[in-house]
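Given next are the chains, with one letter for each unit.
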Amino acid sequence: DHKESYAAWLQYKKIEDFSLLENYQKWFENLASLADSVVIESAKKELLLGLSSMLGVQPTFSTERKAAAGIVLGTSVSIANQIEIDFEQLNDDGYVIKTVTTEEKSTIFLLGKEDTGVLYAAFHLLRLMQNRESMDHLDILENPKNQLRMINHWDNMDGSIERGYAGNSIFYSGNKFNDELNRIEDYARLLSSVGINGVSINNVNVHKVETDLITSSLLPKVAEVAAIFRAYGIKTFLSVNYASTIEIGNLETADPLDTGVQEWWKNKAKEIYRYIPDFGGFIVKADSEHRPGPFTYNRNHADGANMLATALEPFGGLVVWRCFVYNCLQDWRDRSTDRARAAYDHFKPLDGQFHPNVILQIKNGPMDFQVREAVSPLFGAMEQTNQMMEFQITQEYTGQQRHLCYLVPQWKEILDFDTFAKGEGSPVKNIVDGSLFQSRHSGIAAVSNIGNDYNWTGHTLAQANLYGFGRLTWNPDLSSETITNEWTLQTFGKDELVVQQVSQMLLDSWRIYENYTSPLGVGWMVNPSHHYGPNVDGYEYSVWGTYHFADYQGIGVDRTVKAGTGYTAQYFKENADRYEALETCPDELLLFFHHVPYTHRLKSGETVIQHIYNTHFEGVQQAEELTERWTLLEGKIDQERYEDILKRLQEQANHSKEWRDIINTYFYRKSGINDEKYRTIY
Ligand code: GCW
């Protein structure tokens, strides 16, 4: 019945330890909820589910606080002065969990400033219980660091998911919404349990059918979905077709300065908000990879975004405008065009021109979610513009959920990257949380990795990426280890060996994947179009602008000011200088910034060619070891998940050999330089 696979980290496994069980049970004899709303209903429902499952009790909620021990749910308004709490310390989604023991009563308060805070507090308490922690002296105050914590779906209404590796869409099939929407509620529970508060439900590439999502034919269904998410504190957004006025509006233009176009969108916004009063707003991919946009009318991105923003503004809606804009019709001979430069070149000059309800959504790197690339220099470069991060949870370039690649350590590195935008101590996380420039709106979004597979994510261990994304977005200061341990405990239970092994496997996996794939930050080297598996020259002569320029002498992209594309100058001085000079450029990004001979010596002491050989042999060995490490856990977790994961790890180990051999052979043949250790190169 796939029970464990489906439940993901909300297992709520029965507590076997008798004294812990007794201790927990005493708290749940009296449950009171002083507030009421659909969101509070969800909190109550989740608590009851967790309690009956973990403790085997079936309590009910009353509306007032009773004597003896108990749990009390409330908000700043409903709690009045029953407990001294300074609600001023909480932001809109913040909460307090506090155990208060007096002579007559012991109470655990779950208090939110708003209803969502109560829901998050309920999930937090359940997490503590899943982790078997004591509840006797809780004193917790939590505020999310990021205002928008969002998931972007690339789901199409035919049921397919662009870059999806876990089955089909849970929202649509056959160009319609699914009749059965139950699964969406379980999805909402998973998201809400890690603090996600926004979701866009259709692909940023908005095709013909999806263009209709903002019409009266589909809005009632969108509203149904939005109602499910609303009960879990999640706002619904839609990706829109920039050329809607032409496609569905009977207008001849989508010129943002045309008054007819402006009117059409204003009316459209009004209509949408009639169906969904708390609609989040629009995600827009414009003038990118053949999608329509304002360029057609000689207008810029600010013109386009502001036109939509004006329409949404009266209702509090946001425009999330993507910065993934570049020339995708390049010629490899043209060394002056550099895709990495594109987002900055397009958007930086527009700083200060965007309306307050526009947020620019910027991919973490300037290329496209590679296993390793530089951090986008656009972060911090637009002081007067709302910016948010776009990560990719779905593993397009990182093994497509057939390989284990846990991305939390990568995301942390990016969030911690010091941009020097306001001198030392200006990390990306302080730009996207809005604090560095006091931005009105900000946050982190990521492309979903889930589908209708019974375990949501194809690779069961890829559930950790979704969990980790949420937790990290709530608080970017959590360590990878904390998040990983939490996830493992909740997902597989509190067995020391399991927690230790699984956590360490996750933490090692990104490096392992990098080892046997593309080296030193150069990226790509994948099969065109589906992007799975090695193909060193797969994109080398194509129009997409993703080159490595390997020849018989050397490899890498010269992005220096001195001799290359000048990209390094897009960073603030400290980083620009560091990347510009070969001596200071970090090894792991060497080929992203420089073209060097194969004999160039890295800071590690190895030559580039020897590094390629070494990491590829080592990576395969590490991938094989992952399988062995997993087999230690047989019998310690349920058989279904054990075998599912084992199968994927075996596939990974095999496929890593293909990577190793194709990459090693290619560079051996190009360079003519032997492996110092004379290992087998085909
Ligand atoms: O690189 C590309 C992906 C596309 C995706 C695009 C984007 C949704 O391969 O599948 O389109 O990025 O982010 O817009």
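Conventions adopted
- Residues numbered from 1 in each chain as written.
- Predicted model: local features only at pLDDT ≥ 70, side-chain atom pairs only at ≥ 80, totals over all residues.
- Heavy atoms only, no water.
- Helix = DSSP H or I, 4+ residues; strand = E, 2+ residues; numbered from the N terminus.
- Rg over C-alpha atoms; globule rule 2.2 N^0.38 Å.
- Buried < 20%, exposed > 50% of the residue type's maximum accessible area, 1.4 Å probe, protein only.
- Contact = heavy atoms within 4.5 Å.
- Areas by Shrake-Rupley, 256 points an atom, 1.4 Å probe, with all protein chains shown as cover.
- UniProt positions renumbered as here; feature names shortened; annotations may be inferred.
- Lys, Arg positive; Asp, Glu negative; His and termini not counted.
- Salt bridge = Lys/Arg side-chain N within 4 Å of Asp/Glu carboxyl O.
- Polar contact = N/O pair within 3.5 Å; in protein donor to acceptor, adjacent residues only side chain to side chain.
- 1 Å grid on protein atoms, 1.4 Å probe; cavity = no way out; pocket = protein on both sides within 12 Å on 5 of 7 lines; lining within 4 Å.
- Points joined across faces, edges and corners; volume = space filled by probe spheres on them.
- Nonpolar A, V, L, I, M, F, W, Y, C, P; charged D, E, K, R; others polar.
- Phe/Tyr/Trp six-rings, centres within 6.5 Å; stacked < 30°, edge-to-face > 60°.
- Lys NZ or Arg CZ within 6 Å of the ring centre and 35° of its normal.
- Core = buried A, V, L, I, M, F, W, Y, C linked by side-chain atoms within 4.5 Å.

A. Focus on the overall build of the chain. The helix and strand inventory of the chain stands at 20 helices and 18 strands. Since a compact globule built from 682 residues should have a radius of gyration of about 26 Å, the 26 Å found for the chain is in line with a globular shape. Each principal axis of the C-alpha distribution contributes one length, and for the chain these read about 80 × 65 × 50 Å. The buried share of the chain, taken over its 682 residues, is 63%. In the chain, of all internal contacts separated by at least 6 residues, the share reaching a separation of at least 24 is 72%. If you sum the accessible surface of the chain, you get close to 25,400 Å²; carbon and sulfur atoms cover 47% of it.

B. Main features of the UniProt feature "domain: Glycosyl hydrolase family 67 catalytic" (unreviewed entry) in the chain. The sites that carry the UniProt feature "domain: Glycosyl hydrolase family 67 catalytic" (unreviewed entry) are, in the present numbering, residues 129-456. Secondary structure over residues 129-456 splits into 25% helix and 14% strand, and the C-alpha atoms at its two ends are 24 Å apart.

C. Structural view of the UniProt feature "domain: Glycosyl hydrolase family 67 C-terminal" (unreviewed entry) in the chain. Taken from the UniProt record, the annotation "domain: Glycosyl hydrolase family 67 C-terminal" (unreviewed entry) applies to residues 457-679. For the annotated span residues 457-679, helix accounts for 52% and strand for 2% of the residues, and the straight-line distance between the end C-alpha atoms is 37 Å.

D. Quick look at the side chain of D287. Relative to the helices and strands, D287 is located in the loop between β12 (281-284) and α10 (301-312). No salt bridge forms around the buried D287; measuring N to O, its nearest opposite-charge neighbour R291 is 9.9 Å away. Here the side chain of D287 touches G293 through a polar contact of 3.5 Å, landing on its backbone nitrogen. Discounting chain neighbours no more than four positions away, the residues touching D287 are P292, G293, P294, F295, T296, H301 and V325.

E. Quick peek at empty space enclosed by the protein. In total, this model carries 11 cavities of 30 Å³ or more according to the counting rule given. Computed from the structure, the largest cavity encloses a volume of approximately 110 Å³. C323, F324, A343, G365 and P366 are, among the 14 residues lining the largest cavity, the residues nearest its centre. If you list the elements that add at least two residues to the lining of the largest cavity, you get α11 (342-347) and β14 (358-363). The residue makeup of the lining of the largest cavity, split by class, is 10 nonpolar, 2 polar and 2 charged. Taken as a whole, the second largest cavity encloses approximately 80 Å³ of empty space. Together, N364, F369, Q370, Q392, T394, Q395, E396, Y397, T398, L407, Q410 and W411 line the second largest cavity. Class assignment of the residues belonging to the lining of the second largest cavity gives a composition of 4 nonpolar, 7 polar and 1 charged.

F. Spatial organisation of the packing of aromatic side chains. Inspection of the entire model under this criterion finds 35 aromatic pairs. Where Y513 meets Y516, the ring centres are 5.4 Å apart and the plane angle is 70 degrees; that geometry is what we call edge-to-face. Of the two residues, Y513 and Y516 both sit in helix α16 (residues 496-516), 3 residues apart, roughly one turn of that helix. Using a relative accessible area of 5% as the deciding quantity, one classes Y513 as buried. Taking the relative accessible area as the measure of exposure, Y516 reaches 0% and is therefore buried. Centre to centre, the rings of Y571 and Y579 are 5.2 Å apart; their planes meet at 70 degrees, and the pair counts as edge-to-face. Y579 shares its class with Y571; the two are buried. Within the aromatic cluster, the residues linked to one another by ring pairs are Y6, F171, Y172, F177, Y187, F229 and W456. Taking the ring centre of F549 as reference, the NZ or CZ of R335 above it sits at 3.6 Å. Over the ring of F324 we find K363; its NZ or CZ atom is 3.2 Å from the centre of that ring.

G. Examining the nonpolar core more closely. With 207 residues, the main nonpolar core has F229, W321, W630 and F667 as its most contacted residues. Counting residues per element, this core draws most heavily on helix α4 (residues 115-130), which supplies 10 residues. Sequence-distant contacts of F667, defined by excluding residues within four places in its chain, comprise M525, V536, A550, I555, Y598, I609, I612, Y613 and G672. Grouped together as the second largest cluster of nonpolar side chains are 11 residues, I79, I83, F109 and L111 included.

H. Spotlight on the layout of surface pockets. Taken as a whole, the largest pocket spans an internal volume of roughly 580 Å³. The wall of the largest pocket is formed by 23 residues, among which D92, D93, Q147, N197 and K235 lie closest to the centre. Put simply, the parts of the chain that give the lining of the largest pocket at least two residues each are β7 (148-152) and β11 (235-239).

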